[in-house]
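Architecture at a glance
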Amino acid sequence: MVGQEHVRAHVWISGRVQGVFFRASTVDEAAANGVAGWVRNSSDGRVEAVCEGGRSAVEAMIAWCRTGPPAARVSSVEVVWEEPKGEHGFGVQH
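Residues numbered from 1 in each chain as written. Predicted model: local features only at pLDDT ≥ 70, side-chain atom pairs only at ≥ 80, totals over all residues. Heavy atoms only, no water.

Per an unreviewed UniProt entry, the chain is named Acylphosphatase, and its organism is Candidatus Methylomirabilis limnetica. Here is the UniProt Sequence similarities (unreviewed entry) comment for the chain, exactly as written: "Belongs to the acylphosphatase family." (UniProt positions renumbered as here; feature names shortened; annotations may be inferred.)

Turning our attention to the sheet that holds strand 3 (residues 47–54). An order of 4-1-3-2-5 is seen for the five strands of this open sheet, with the pairing classed as mixed. Single-partner strands in this sheet number two, and they are strand 4 (73–82) and strand 5 (90–92). On average, adjacent strands in this sheet sit at an angle of 20° to one another, irrespective of strand direction. With nine bridges connecting them, strand 1 (residues 6–16) and strand 4 associate as antiparallel partners. Opposite Ile-13, over in strand 4, you have Val-77 as the bridge partner. Sheet strands in contact with helix 1 (residues 22–33) are strand 1, strand 2 (36–41), strand 3, strand 4 and strand 5, and its direction is about 175° off that of strand 5. (Pairing = 2+ DSSP bridges. Helix = DSSP H or I, 4+ residues; strand = E, 2+ residues; numbered from the N terminus. Axes fitted to C-alpha atoms, helices over the stretch in contact; angles between N-to-C directions. Contact = heavy atoms within 4.5 Å.)

So, about the nonpolar core. Counting 22 residues, the largest nonpolar core has Val-11, Ile-13, Phe-22, Val-35, Val-47, Cys-51 and Val-58 as its most contacted members. Elements that contribute at least two residues to this core include exactly strand 1, helix 1, strand 3 and helix 2 (55–65). For this core, the element with the most residues is helix 2, which contributes six residues. (Core = buried A, V, L, I, M, F, W, Y, C linked by side-chain atoms within 4.5 Å. Buried < 20%, exposed > 50% of the residue type's maximum accessible area, 1.4 Å probe, protein only.)

One can describe the packing of helix 1 onto helix 2 by two numbers: an axis separation of 10 Å at closest approach and a directional angle of 150°. Comparing their axes, helix 2 and helix 1 come out roughly antiparallel. Two packed elements cross with a definite hand, and for helix 1 against helix 2 that hand is right-handed. Counting all contacts with helix 1, which are made through Phe-22, Ser-25, Thr-26, Glu-29, Ala-30 and Asn-33, the residues of helix 2 involved are Ala-57, Ala-60, Met-61, Trp-64 and Cys-65. Here the residues of the contact of helix 1 with helix 2 are counted per class, giving seven nonpolar, three polar and one charged. (Parallel < 35°, antiparallel > 145°, perpendicular 65-115°, else oblique. Left-handed = near helix turned anticlockwise from the far one by under 90°. Nonpolar A, V, L, I, M, F, W, Y, C, P; charged D, E, K, R; others polar.)

If you want it as structure tokens, here you go:
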């Protein structure tokens, strides 16, 4: 990605986010934005995701997470910026 900073965001999404196709929708959204990483359900009821790629693409993913798929009701999104680790592809972790 010439001319664009490569970044990694670790994201936790709270609200009604499990059982509403949040993970599958995140995979589709990541593919559309060209972002690598993963998404999974957390035992505390949140959805956790790591998004890595160009800054604008990762920021677009974070913005999408603030709403999520139609059935989701997001109450908060926590973002921690980390050093990129070279993620490839994007998938659901269990």
